[in-house]
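These are the residues of each chain, in order.
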Amino acid sequence: MHLMDDNSVTEMPDWDPETPVAVLTQTTLSVGDTASAIDAIKEQFPNSQIRNDICYATTNRQDAVSKMASLVDLALVIGAQNSSNCNRLLELAKSLGVHAYLINGPGELRPEWVVDVKVVGIASGASTPEILVEEVIRALKPEKVTLLEGVEENITFTMPRELQ
């Protein structure tokens, strides 16, 4: 199966619709892209078994960017250029009509980005250190910082007994 830039599926296997199909996803890709692929599979293989494990942090951050987009003039995504998660956040913000940039810290801020900008939204990748977010906020010198309500990420993982 292949996805195009507009999330449409271009190819599916030429299998009998009754073929048993199991689909496992574990990704930091776009929630929308993954949903499009799953919908196409379900349509061609109605009895398929789907297990969709999109990273909870990815889902939460994409939801936050979607909510934030209508409230801001500029979106800054803080994280690494090679982060799939950060790039999906950047693409999402831009697709919602917001000027957006992916930066790895305050040293990459450009003064021309904030000319005539009243509200800047900040999102970060799942593995972006909080200190980078704080440093970008300090560099912007905002009059006010407002936190967008969202899902609290308090998931913990325990070590397997044999490793403790």
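Residues numbered from 1 in each chain as written. Predicted model: local features only at pLDDT ≥ 70, side-chain atom pairs only at ≥ 80, totals over all residues. Heavy atoms only, no water.

Looking at an unreviewed UniProt entry, one finds the chain named 4-hydroxy-3-methylbut-2-enyl diphosphate reductase and attributed to Geodia barretti. On record in UniProt, under Sequence similarities (unreviewed entry), the comment for the chain is "Belongs to the IspH family." According to its UniProt record, the chain has this under Cofactor (unreviewed entry): "[4Fe-4S] cluster". (UniProt positions renumbered as here; feature names shortened; annotations may be inferred.)

> Looking at this structure, how should I read the packing of aromatic side chains?
What describes a pair of aromatic rings is the distance from one ring centre to the other and the angle between the planes of the rings. Counted according to the given criterion, the structure contains two aromatic pairs. Arranged with centres 5.8 Å apart and planes meeting at 50°, the rings of Trp15 and Phe45 form a pair that is tilted. Taken together, the positions of Trp15 in the loop between strand 2 (9-11) and strand 3 (22-25) and Phe45 in the loop between helix 1 (31-44) and strand 4 (49-52) put the pair 30 residues apart, joining distant regions of the chain. Under the relative-accessibility criterion, Phe45 is labelled buried at 2%. Between the aromatic rings of Tyr101 and Trp113, the centroid separation amounts to 3.8 Å while the plane-to-plane angle is 5°, which identifies the pairing as stacked. (Phe/Tyr/Trp six-rings, centres within 6.5 Å; stacked < 30°, edge-to-face > 60°. Helix = DSSP H or I, 4+ residues; strand = E, 2+ residues; numbered from the N terminus. Buried < 20%, exposed > 50% of the residue type's maximum accessible area, 1.4 Å probe, protein only.)

> Explanation requested: the nonpolar core in the structure shown.
Generally speaking, a soluble globular protein has its nonpolar side chains buried in company with each other. If you look at the biggest cluster of nonpolar residues, it comprises 15 residues, and the most contacted ones within it are Val65, Met68, Ala75 and Val77. In terms of residue count, helix 3 (residues 84-95) provides more of this core than any other element does, five residues in total. Setting aside its immediate chain neighbours within four residues, Val77 contacts Cys86, Leu89, Leu90, Tyr101, Leu102, Ile103 and Ala123. Core analysis: the second largest hydrophobic core is formed by nine residues, Leu74, Leu76, Ile103 and Val133 among them. (Core = buried A, V, L, I, M, F, W, Y, C linked by side-chain atoms within 4.5 Å. Contact = heavy atoms within 4.5 Å.)

> In this structure, what is going on with unusual backbone geometry? I would like to understand it.
Despite not being glycine, Asp116 shows a phi value in the positive range, around 60°. Tracing the chain through its elements places Asp116 in the loop between strand 6 (99-103) and strand 7 (120-124). For Asp116, a relative accessible area of 75% corresponds to the exposed category.

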